[in-house]
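# Working through the structure, step by step
These are the residues of each chain, in order.
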Amino acid sequence: MANISAAMVKELRERTGLGMMECKKALVESEGDIEKAIDDLRKSSGMKAAKKAGRTAADGVVALRVADDNSYAVLLEVNSETDFVARDDNFLGFVNKVLDKAFADKQTDVVALMAGELETAREALVQKIGENITVRRVFLVEGAMVDGYVHSTNRLAAVVALSGASADVARDVAMHVTAVNPRVAKPDDMPQEELTREKEIIMAQPDMEGKPQEIKEKMAMGRIKKFLAENSLVEQAFVKNPEQTVGQLVKAAGAEVVSFVRVAVGEGIDLGEKKSFADEVAEQLKG
């Protein structure tokens, strides 16, 4: 049987809003697989989609540069071990050097980007600061009208490419992307496996029980349509004006949404049950 930790139960509670015992039971039944537990809970309770895990497992910053003619932008993430270092001038100076080269070369391959002087600079910074520094990922977005938005924390940013319109419109859409976190640009972009998974969950929910298959299919189609609207950028209510969808905003400006990229510091990094830096310091002081 999988070892169910208090941290796993806490994460599942935060993401689903359900009770501790219900979450623990679901984790036991899924053998510790949080994503499977969420799917099972949605099937049994009719719960809406769970929140993505809010906990980030690494620190650092995101950095953005947009070309003067708005034809392209480069967005990168550089990680540190602590928030203290992420605000350090030496660290931020290094981030700008990396951004300069990525922007000039339109380089998204981290290994190629860092080869030579930048890797030497990174190693010297690690020696000076005493924390590991990692250039994690670089994105290049090109298009007729490209602009982006970086949240004031420097931990969250987005870049949007439109077929036209103005930089202000593209920046507004990028701000929306950082706030709302759509999964795809348009409903047609949603992967089929996502739709299949969502339909399976919908069909297994309690209010479907005992209904004729054709009624279940009709109900499922309606809920899938709502799911697509909630998770597709162009269908979402624009954060600055909820009376208008993002698609309508961009169309009124004479353009269409082509693509977007959203980056949050530390997303997807799993450090397991490692102690925090503060805990390690406290333990050393005790010793």
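Criteria and cut-off values
Residues numbered from 1 in each chain as written. Predicted model: local features only at pLDDT ≥ 70, side-chain atom pairs only at ≥ 80, totals over all residues. Heavy atoms only, no water. Helix = DSSP H or I, 4+ residues; strand = E, 2+ residues; numbered from the N terminus. Buried < 20%, exposed > 50% of the residue type's maximum accessible area, 1.4 Å probe, protein only. Areas by Shrake-Rupley, 256 points an atom, 1.4 Å probe, with all protein chains shown as cover. Phe/Tyr/Trp six-rings, centres within 6.5 Å; stacked < 30°, edge-to-face > 60°. Lys NZ or Arg CZ within 6 Å of the ring centre and 35° of its normal. Expected span 1.5 Å × (residues − 1). Arc of directions from axis to C-beta. Contact = heavy atoms within 4.5 Å. Polar contact = N/O pair within 3.5 Å; in protein donor to acceptor, adjacent residues only side chain to side chain. Pairing = 2+ DSSP bridges. Axes fitted to C-alpha atoms, helices over the stretch in contact; angles between N-to-C directions. pLDDT = per-residue confidence, 0-100. Parallel < 35°, antiparallel > 145°, perpendicular 65-115°, else oblique. Left-handed = near helix turned anticlockwise from the far one by under 90°. Nonpolar A, V, L, I, M, F, W, Y, C, P; charged D, E, K, R; others polar.

### Some words on the overall build of the chain
Along the backbone of the chain there are 12 helices and eight strands. Put simply, the chain has 287 residues, and 39% of those count as buried. Surface accessibility of the chain: about 15,900 Å² in total, with carbon and sulfur atoms responsible for 51%.

### Some words on the packing of aromatic side chains
For the structure on display, the rule yields one aromatic pair. Both rings, one in Tyr72 and one in Phe103, keep their centres 4.8 Å apart while their planes meet at 20°; by these two values the pair is stacked. Taken as a pair, Tyr72 in strand β2 (residues 72-80) and Phe103 in helix α5 (residues 89-105) lie far apart in primary sequence, 31 residues in all. An identical accessibility class is assigned to Tyr72 and Phe103; each is buried. The ring of Tyr72 has Lys106 sitting right over it, with the charged end atom 4.3 Å from the ring centre.

### Observations regarding helix α7 (residues 117-129)
When the terminal C-alpha atoms of α7 are compared, their 18 Å separation across 13 residues agrees well with the 18 Å that a helix rising 1.5 Å per residue should span. For α7, the complete set of buried residues consists of Leu118, Arg122 and Leu125. Taken around the axis of α7, the buried residues stretch over an arc of 65°, which confines them to a single face. In α7, the exposed positions angled more than 90 degrees off the buried face are occupied by Glu117, Thr120, Gln127 and Lys128. Buried residues belonging to α7 abut α5 and α6 (110-114). Directly beyond the C-terminal end of α7, a positive phi value near 85° is found at Gly130.

### Brief notes about the side chain of Ser30
Of note, Ser30 is situated in the loop between α2 (20-29) and α3 (34-45). Relative accessible area serves as the criterion here: at 6%, Ser30 is assigned to the buried category. Within the structure, Ser30 has its side chain in polar contact with the backbone oxygen of Asp33 (distance 3.0 Å). Leaving out residues up to four positions away in the same chain, Ser30 has contacts with Lys36, Ala37 and Asp40.

### Quick word on the sheet that holds strand β8 (residues 257-264)
Strand order in the open sheet made by the three strands is β4-β5-β8, with antiparallel pairing throughout. Strands at the two margins of the open sheet, each flanked by one partner only, are β4 (145-150) and β8. Within the sheet, the average angular offset between the axes of one strand and its neighbour, ignoring direction, is 10°. Pairing of strand β5 (residues 156-162) with β8, which is carried by seven bridges, proceeds in the antiparallel orientation. Counted as the bridge partner of Val159 is Val261 from β8. Across the sheet, helix α8 (residues 167-180) lies against β4, β5 and β8, angled at about 45° from β4, the strand it touches most.

### Re unusual backbone geometry
Despite not being glycine, Asn154 shows a phi value in the positive range, around 60°. The residue Asn154 is located in the loop between β4 and β5 in this model. With a phi angle near 60°, Asn181 is a residue other than glycine that sits in the positive phi range. Note on Asn181: relative accessible area 35%, which makes it partly exposed.

### Things to note about the confidence of the model for the chain
Chain-level statistics for the chain give a pLDDT mean of 86 and a share of 88% at 70 or above. Considering only residues more than four positions removed or in separate chains, one finds that residues 53-57, a stretch of pLDDT under 50, has 10 contacts. Of the regions scoring below 50 in pLDDT, residues 273-277 engages in five contacts with residues more than four places distant in sequence or in other chains.

### A look at the packing of helix α1 (residues 6-16) against α2
It is the contact of α1 with α2, at a shortest axis distance of 9 Å, that shows an interaxial angle of 115°. When the axes of α1 and α2 are compared, the pair comes out roughly perpendicular. α2 is crossed by α1, and the crossing has right-handed handedness. Seen from α1, the contacting residues are Met8, Val9, Leu12, Arg13 and Thr16; seen from α2, they are Met20, Cys23, Lys24, Ala26 and Leu27. Per-class residue counts for the contact of α1 with α2 are seven nonpolar, one polar and two charged.

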